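# Architecture at a glance
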Amino acid sequence: MEAVEINVLWCKGCGVCVAFCPKKALSLVGEKAQVDPELCIGCGMCELYCPDLAIVVNKPTKKNEKVTEEGLS
Amino acid sequence: MAFRDLIRERFFPHIWCPGCGHGTVLNSLLHVVDKMGLDPTSMCMVSGIGCSARISGYVNFHTMHTMHGRALPCATGIKLAKPQLNMIVPMGDGDAMAIGGNHFIHACRRNIDMTAIVLNNRIYGMTGGQYSPLSGRGVLATTAPYRSIDDDFDAVALAQGAGATFVARTTAFHVKELSKILTKAIQHKGFSVVEVMVQCPTYFGRKNKMGGAVQLLEYYRDNTAPLGSKKLEENQNLIPRGIFVERERPEYCEEYQNVIALAEGKE
Ligand SMILES: Cc1ncc(C[n+]2csc(CCOP(=O)(O)OP(=O)(O)O)c2C)c(N)n1
Ligand code: SF4
Ligand code: SF4
Ligand code: SF4
Ligand SMILES: [Mg+2]
């Protein structure tokens, strides 16, 4: 199971997850979001931000609590 | 259960534009209901008309998609008949504050136990970008090509003045805060009002040359501050976020039950 699952059929390429991922682990490729698993810390913010419910972060990590909307604290 | 189990998946991808803030509010609400472990059959969502009002079509709760501005009276009827339901009433800024303004203040005054969410994108999204009572002075809209000369309502102050017993404001940028506030609003017994400042990139963003969804969210990040924060104290131009009112007052359904008991001679 992927840590971050992106449903490309629902993703509309708005870039919100890309802009606010605290680790800059997401990018848009052909108007669809894509994750770099090397950079992702599994904080779960992108799952909460996505207006299209296109992202599921499986097993969000403990680092979750340290991440705020303004980034890593 | 996971948040995606609470939707009507057959209607996805949803109808909202790319980056529309209404989607983030739906997302947050689903996470909240899931985390609170609420039974979907205990949930009822009643909405009016508008882009925001489309939200009731996507949740797998008891739902009713009613008339523009009339979500609160419809919800009031359902709640009085079935007080055990957890009632959620999402409304657009036009829906809640223009055509539905009268219903809004009287629902606040009655303190009936439900959660009203004002999805404030400062525009009539569905009908093509007319200004609303929450647009504010200086805003560009299809009906204000030379900028609006209307001052806006402060939805929080209005709800507070009208007697709502839980009143809060947050934004679609502050997703964690949004989840916390929605949780408290649902838990609160009485009429809860949560204003969520959301982005409409298609009309508000484009008309006002404020960019797309990301730029509008950055605007909410940079132009708001938590109640009681140093940031807010130092800059009076920032819009305050947080919980403004949290108090108890007799709840309407309970009071009505007492009237029924009295009329039946049980008291
Ligand atoms: C009685 C009535 N008057 C007017 C309309 C037209 N109308 C549909 S949605 C809407 C306003 C939408 O704005 P808002 O409530 O802010 O919701 P948004 O689309 O921005 O989410 C209006 C005026 C209608 N459907 N019914
Ligand atoms: S926030 Fe959602 S819809 Fe927008 S780019 Fe990311 S995955 Fe796609
Ligand atoms: S889980 Fe956190 S770190 Fe990973 S892609 Fe999403 S926002 Fe970025
Ligand atoms: S017009 Fe605005 S409010 Fe309506 S779906 Fe599009 S972005 Fe959202
Ligand atoms: Mg609106």
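Above this text you will find the structure in question.
Here is what the cut-offs are and how they apply
- Residues numbered from 1 in each chain as written.
- Chains lettered and ligands numbered in written order.
- Predicted model: local features only at pLDDT ≥ 70, side-chain atom pairs only at ≥ 80, totals over all residues.
- Heavy atoms only, no water.
- Contact = heavy atoms within 4.5 Å.
- Buried area = accessible area lost by both parts, 1.4 Å probe.
- Salt bridge = Lys/Arg side-chain N within 4 Å of Asp/Glu carboxyl O.
- Polar contact = N/O pair within 3.5 Å; in protein donor to acceptor, adjacent residues only side chain to side chain.
- Helix = DSSP H or I, 4+ residues; strand = E, 2+ residues; numbered from the N terminus.
- Donors = N, O, S within 2.8 Å, 3.2 Å for Na, K, Ca; no water.
- Buried < 20%, exposed > 50% of the residue type's maximum accessible area, 1.4 Å probe, protein only.
- Core = buried A, V, L, I, M, F, W, Y, C linked by side-chain atoms within 4.5 Å.
- Phe/Tyr/Trp six-rings, centres within 6.5 Å; stacked < 30°, edge-to-face > 60°.
- Lys NZ or Arg CZ within 6 Å of the ring centre and 35° of its normal.
- Axes fitted to C-alpha atoms, helices over the stretch in contact; angles between N-to-C directions.
- Parallel < 35°, antiparallel > 145°, perpendicular 65-115°, else oblique.
- Expected span 1.5 Å × (residues − 1).
- Patch = residues over 30% accessible without salt bridge, like charges linked within 9 Å, V, L, I, M, F, W, Y side chains within 5 Å.
- Areas by Shrake-Rupley, 256 points an atom, 1.4 Å probe, with all protein chains shown as cover.
- Lys, Arg positive; Asp, Glu negative; His and termini not counted.
- Charge placed at Lys NZ, Arg CZ, Asp CG, Glu CD.
- Near = heavy atom within 4 Å.
- Nonpolar A, V, L, I, M, F, W, Y, C, P; charged D, E, K, R; others polar.

A separate point is the interface of chain A and chain B. Each partner contributes to the interface: chain A provides 25 residues, whereas chain B provides 31 residues. Of the roughly 2300 Å² buried where chain A meets chain B, counting both sides, 64% is carbon and sulfur surface. Sorting the residues of chain A by area buried against chain B places Trp10, Leu48 and Leu53 of chain A first, and these three jointly supply 30% of that buried surface. Our count for the chain A to chain B interface comes out at zero salt bridges. Inspection of the region where chain A meets chain B yields 16 residue pairs in polar contact (both at pLDDT 80 or more). Breaking the side of chain A that touches chain B down by element, the ones donating at least two residues are α1 (16-20), α2 (45-49) and β4 (55-57) of chain A. Looking at the side of chain A that touches chain B, the element that brings in the most residues is α2 of chain A, giving four residues.

Before going further, it helps to spend a moment on the coordination of the magnesium ion (ligand 5). Residues and elements named next belong to chain B. All of the protein donors around the magnesium ion (ligand 5) are Asp93 (OD), Asn121 (OD1) and Ile123 (O); their distances to the metal are 2.0 to 2.1 Å. Going along the chain, you hit the donors of the magnesium ion (ligand 5) in the pattern D-x27-N-x1-I. Given the relative accessible area of 1%, Ile123 is considered buried.

The biggest cluster of nonpolar side chains holds 63 residues, and the ones touching the most others in it are Leu53 and Ile55 of chain A together with Leu26, Leu30 and Ile117 of chain B. The next biggest cluster of nonpolar side chains, apart from the first, holds 30 residues, and it includes Cys44, Val46, Ala107 and Ala116 of chain B.

With the rule as written, the count across this model stands at seven aromatic pairs over all chains. When the ring of Tyr49 of chain A is compared with that of Phe173 of chain B, the centres are 6.1 Å apart and the planes differ by 45°; the resulting orientation is tilted. One end of the pair, Tyr49 of chain A, is in helix α2; the other, Phe173 of chain B, is in the loop between β5 (166-171) and α6 (175-187), on a second chain. In this pair, the class of Tyr49 of chain A matches that of Phe173 of chain B, namely buried. A network of ring pairs unites the aromatic residues Trp10 of chain A together with Phe12, Trp16 and Tyr58 of chain B as a single cluster. Positioned over the ring face of Tyr203 of chain B is Arg206 of chain B, at 5.9 Å from the centre of the ring.

Let us look at the packing of helix α4 (residues 101-110) of chain B against helix α5 (residues 155-162) of chain B. The description of two packed helices rests on the angle between their axes and on the distance between the axes. Residue and element names in this part refer to chain B. Here α4 crosses α5 at 50°, and the two axes come no closer than 7 Å. In terms of orientation, α4 and α5 fall into the oblique class. Contacts from Phe104, Ile105, Cys108 and Arg109 of α4 reach α5 at Leu158, Ala159 and Ala162.

On to helix α1 (residues 21-35) of chain B, then. Residue and element names in this part refer to chain B. Helix length check: α1 (15 residues) gives 21 Å between terminal C-alpha atoms against 21 Å at 1.5 Å per residue, within 8%. Here α1 lies mainly inside the structure; 13 of its 15 residues are buried. Where α1 ends, the next residue or the one after it, Gly37, has phi of about 65°, a positive value.

In this section: a positive patch on the surface. Where like charges cluster on the molecular surface, the positive patch consists of Arg147, Arg206, Lys207 and Lys209 of chain B. Here Arg147 of chain B is to be found in the loop between β4 (114-120) and α5.

All names here are of chain B. Ligand 1 sits among 17 residues. The nearest are Cys51, Ser52, Asp93, Asp95 and Gly125. The separation between an oxygen atom of ligand 1 and a polar side-chain atom of His22 is 2.9 Å. Contact between ligand 1 and Gly94: an oxygen atom at 2.9 Å from a main-chain N or O atom of the residue. Out of a free accessible area of 590 Å², ligand 1 has 73% covered by protein chains. For the shell around ligand 1, the element with the highest residue contribution is helix α3 (residues 93-99), accounting for four residues. For the shell around ligand 1, the residue count by class is six nonpolar, nine polar and two charged.

Shape descriptors only; they carry no functional weight alone.
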